[in-house]
Amino acid sequence: MSFDLAGRNAVVFGVANKRSIAWSIAQGLHAAGAKLAITYQNERLELEAKDLILSLPGAEAFMCDVSNDAEIERVFAKLKDRYGKLHTLVHSVAFAPADELKNDFVNTTREGFRVALDVSVYSLIAVSRAAAPLMDDGGSIMTMTYYASEKVVPRYNVMAVAKAGLECTVRYLAFELGKKNIRVNAISAGPIKTLAARGIAGFGDMHKTHAERAPLGRNVDVNEVGATGVFLASDASSGITGEVIYVDCGYNIMGF
Ligand code: NAD
Ligand code: 0WE
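Described below are features of the structure shown in this document. (Residues numbered from 1 in each chain as written. Chains lettered and ligands numbered in written order. Predicted model: local features only at pLDDT ≥ 70, side-chain atom pairs only at ≥ 80, totals over all residues. Heavy atoms only, no water.)

1. Focus: the overall build of the chain
If you tally the helices and strands in the chain, you get eight helices and seven strands. A globule of 256 residues ought to have a C-alpha radius of gyration of about 18 Å, and the chain, at 17 Å, matches this closely. Seen through its C-alpha atoms, the chain measures out along the principal axes to roughly 45 × 40 × 35 Å. In the chain, buried positions account for 52% of the 256 residues. Partitioning the contacts of the chain with sequence separation of at least 6, the portion at a separation of at least 24 is 73%. When the accessible surface of the chain is totalled, it reaches about 12500 Å², and 54% of it is carbon and sulfur. (Helix = DSSP H or I, 4+ residues; strand = E, 2+ residues; numbered from the N terminus. Rg over C-alpha atoms; globule rule 2.2 N^0.38 Å. Buried < 20%, exposed > 50% of the residue type's maximum accessible area, 1.4 Å probe, protein only. Contact = heavy atoms within 4.5 Å. Areas by Shrake-Rupley, 256 points an atom, 1.4 Å probe, with all protein chains shown as cover.)

In C-alpha cells:
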C-alpha cells in the first residue's frame, strides 16, 4: 500500500510513546513522503516523545497542551513560519480525569465533564481553526474516536459523551471547511493497548472478548489504524468527508 504524500506538510497531535496511535499514523505519513511536525503534551512526556519524534528524519517536535489557547497559537505561528502551508492535521488526543472512568456515570462531576470535553472535543475545533488558514491547497483533518459513543461500554462514561460530541464536531467542521476543500473525518478504532488504555480496569478481558466477537476474529493492529490515517491524508480519499471510518475488525456491525 503506497500513497504518495511527497511535498505535503503534516502536523500530528498526541504522541506520548511508541505505542501511541498518533505515532503509527506519523510513521505512515513519513513513509509516504510527508514532512512532519509532531506535538507532545508537556515536559513530563518530553524525554520519551522527543527522542521518538526526532528519530524520524526531518521531523520536528513541538510541545503543545491543547487545553491552552496560547500554546495552540504559539505552535501554529511556528508551523506557519517553518512550513508555510499545511496539508494534513492529525488530532489523536483525549483525556478524562481517572476517577471519571472508575466511578458510576451518574456521579460524573461538573469539572470532570468540563475537562473531558475541553481536552477531547473543543481542542479539535481550536486546532482546526488554527490550521485552516494554512491549508491553502485544501487539506485533510482527522481525529480518533471509539464505538462507545454509540453503544454503552461500561466505565467509558464521560469519555463516551465526549466521543459523541467529537463525531458531531467532525460533521460540523466538515460542512464549514468543505468550501476550502478541507476534509474532516474520524477513525473509530477498536481497542488497542496504548498508554491511554493501560490503566483501565478490565481492559484485558474486554480486549479478548472484542477479538472473539469481531468478524475478523482478532483485534486491530495499531498499524492498520496508521494505514487508514495515510489513506485519509491522501488524494485516494478525496471524496470522503464528515465520516466515521471503523477500523475495528468489523466489531461494530454485530448485533449479537
Ligand atoms: P495515547 O495515550 O498514546 O494518546 C493520547 C494522547 O493524548 C497522549 O499523547 C496525551 O499526551 C495526549 N493528551 C492528553 N491530554 C492532552 C492535552 N491537554 N494536550 C495535549 N495532548 C494531550 O493513547 P491512544 O490510545 O493512542 O489515544 C489516541 C486517541 O485514540 C484518543 O483520542 C483515544 O480516545 C483514541 N482511541 C483509542 C483507542 C484505544 O483503544 N487505545 C480506541 C479508539 C480510540
Ligand atoms: O479513548 C480511550 C481512552 C481515553 C482515556 C484514557 C485515560 C486513562 C488515564 C481518557 N482519559 C484517561 N484518563 C486517565 O487518567 N480508549 C478508547 C481506550 C479505552 O478506555 C476505556 C475503554 C477503552 C477501550 C475506558 C473504559 C472502558 C473501555
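Text resumes after the structure shown.
2. Here's the deal with the site of ligand 1
S20, Q41, K163, I192 and T194 are the nearest of the 27 residues found near ligand 1. Within the backbone of V93, an N or O atom sits 3.4 Å from an oxygen atom of ligand 1. Interatomic distance of 2.8 Å between a side-chain N/O atom of K163 and an oxygen atom of ligand 1. (Near = heavy atom within 4 Å. Polar contact = N/O pair within 3.5 Å; in protein donor to acceptor, adjacent residues only side chain to side chain.)

3. Notes on the pattern of salt bridges
Under the criterion given, the structure shown has eight salt bridges. Between D235 and R8 there is a salt bridge whose closest N-O contact spans 2.9 Å. In this pair, D235 is assigned in the loop between α8 (222–233) and β7 (244–247) and R8 in the segment before β1 (9–13), connecting sequence segments 227 residues apart. A network of salt bridges, in which partner residues are shared, links E111, R114 and D118. (Salt bridge = Lys/Arg side-chain N within 4 Å of Asp/Glu carboxyl O.)

4. Digging into the packing of aromatic side chains
Evaluated as defined, the whole model comprises four aromatic pairs. Each ring, one from F3 and one from F231, has its centre 6.1 Å from the other, and the planes form 50°; the classification is tilted. Note that F3 is positioned in the segment before β1 and F231 in helix α8, a separation of 228 residues in sequence. Ring centres 5.9 Å apart and planes at 80° place the aromatic pair Y147 and Y251 in the edge-to-face group. Pair noted here: Y147 is in the loop between β5 (139–145) and α5 (157–177) and Y251 is in the segment after β7, with a separation of 104 residues, a long-range link. Considered together, Y147 and Y251 belong to a single accessibility category, that of buried residues. (Phe/Tyr/Trp six-rings, centres within 6.5 Å; stacked < 30°, edge-to-face > 60°.)

5. Here we look at the site of ligand 2
The full set close to ligand 2 counts 14 residues, and A96, A98, Y156, A196 and I200 are the nearest of them. Contact distances for ligand 2 include 2.7 Å between a nitrogen atom and a backbone N or O atom of A96. A distance of 2.7 Å is found between an oxygen atom of ligand 2 and a side-chain nitrogen or oxygen belonging to Y156. Starting from 600 Å² of accessible surface for ligand 2 in isolation, the protein chains cover 84%. Of the residues contributing to the shell around ligand 2, the split by class is 13 nonpolar, no polar and one charged. (Nonpolar A, V, L, I, M, F, W, Y, C, P; charged D, E, K, R; others polar.)

6. Some points on the side chain of S237
Along the polypeptide, S237 turns up in the loop between α8 and β7. Residue S237 is classed as buried on the basis of its relative accessible area of 0%. In this view, S237 contacts R183, F231 and L232; residues no more than four positions away in its chain are not counted.

7. Observations regarding the sheet that holds β5
The strand order β3-β2-β1-β4-β5-β6-β7 describes an open sheet built from seven strands, whose pairing is parallel. In the strand order of this sheet, the two ends are held by β3 (60–63) and β7, each with one partner. Averaged over all pairs of adjacent strands, the angle between strand axes in this sheet comes to 20°, irrespective of strand direction. Note that strand β2 (residues 35–40) and β3 share four bridges and pair parallel. Counterpart to A37 in the pairing with β3 is E60. Along the sheet, helix α2 (residues 43–54) contacts β2 and β3; its crossing angle with β3, the most-contacted strand, is approximately 165°. Packed on one face of the sheet, α8 meets β4 (88–91), β5, β6 (182–189) and β7 and runs near 165° to β6. (Pairing = 2+ DSSP bridges. Axes fitted to C-alpha atoms, helices over the stretch in contact; angles between N-to-C directions.)

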